[in-house]
Amino acid sequence: MNKTYKLTALWMACLMLIGSLSFTACDNGDKEDTNQYVGGVSLNVFGPCPVARGGELRFLGSGMDQVTAIVLPGSEDITDIKVISSKEIRITVPQNAEEGFVVLRSSKGEITTKTPITYSEPIDFTDFSPKNAKAGDEITISGEYLNLIKEVIFADEVVVTEFVS
């Protein structure tokens, strides 16, 4: 039994030695940095996405107060930038903006987003005229984002797919 005790003690000492070496081997002297705001001009995130045209788009990162222009596909450079802090800026999305990658410009260079911007386009049907129409009459429909409508279905499953805009 004495021999078994010595082997067990030796085995435990070896395990402790190997274990302590493996834990110290993981430490290469580098400090972990979880700070996502690293300095300079850098973009961490933007949103909301999808965003409504005419809505507010936010950008978070470092040095955001140094951004001089934001380029949304399909629109002119946006220079009317609301600076909240060095970590946050906001813009109003123009009506002619299109889907694609966003570019932030500063004196340090350009930053292009890694994901494209998308838009929410809720179709808003507000009115139609004349109220009493017969087959073959022209009807005017009013609202927002009507260009997204692909077909209008009338009574008796009459489908219209050609429109005059």
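All of these numbers come straight from a predicted model, not from anything done at the bench.

Rules and cut-offs
- Within any chain, residue numbers begin from 1 and follow the written order of that chain's sequence.
- Reporting of local features is limited, given that this is a predicted model, to residues whose pLDDT is at least 70; pairs of side-chain atoms are given and counted only at 80 or more, and all residues count toward the totals for whole chains, interfaces and linings.
- Side-chain metrics rest on all non-hydrogen atoms present in the structure, leaving aside hydrogens and water.
- Take the buried residues of types Ala, Val, Leu, Ile, Met, Phe, Trp, Tyr and Cys, join any two whose side-chain atoms come within 4.5 Å, and each joined set is a nonpolar core.
- For each residue, the accessible area found with a 1.4 Å probe, counting protein chains only, is set against the maximum for its type, and the residue is called buried under 20%, exposed over 50%, and partly exposed in between.
- Numbering of helices and strands starts at the N terminus; helices are DSSP runs of H or I of at least 4 residues and strands are runs of E of at least 2.
- In this analysis, two residues are considered to be in contact whenever any of their non-hydrogen atoms come within 4.5 Å of each other.
- Note: two strands are recorded as paired if DSSP finds a minimum of 2 bridges between them.

Asks: Account for the nonpolar core, naming residues and giving values.
Replies: Core analysis: the largest hydrophobic core is formed by 19 residues, its most contacted members being Leu57, Phe59, Ile70 and Leu72. Put simply, the parts of the chain that give this core at least two residues each are β3 (56–62), β4 (67–71) and β6 (88–92). The contact partners of Leu72, leaving out residues within four places of it in the chain, are Leu57, Ile78, Ile91, Val93, Pro94, Ala97, Val102, Ile117 and Tyr119.

Asks: Pulling in residues and values, what's your account of the pairing of β6?
Replies: In terms of strand pairing, β3 meets β6 through five bridges, oriented antiparallel. Residue pairing across strands places Leu57 opposite Ile91, the latter belonging to β6. Relative to β6, strand β5 (residues 82–85) runs antiparallel, the two sharing three bridges. Bridging across to β6, Lys82 finds its partner in Arg90. Counted between consecutive antiparallel strands, the loop separating β5 from β6 contains two residues.

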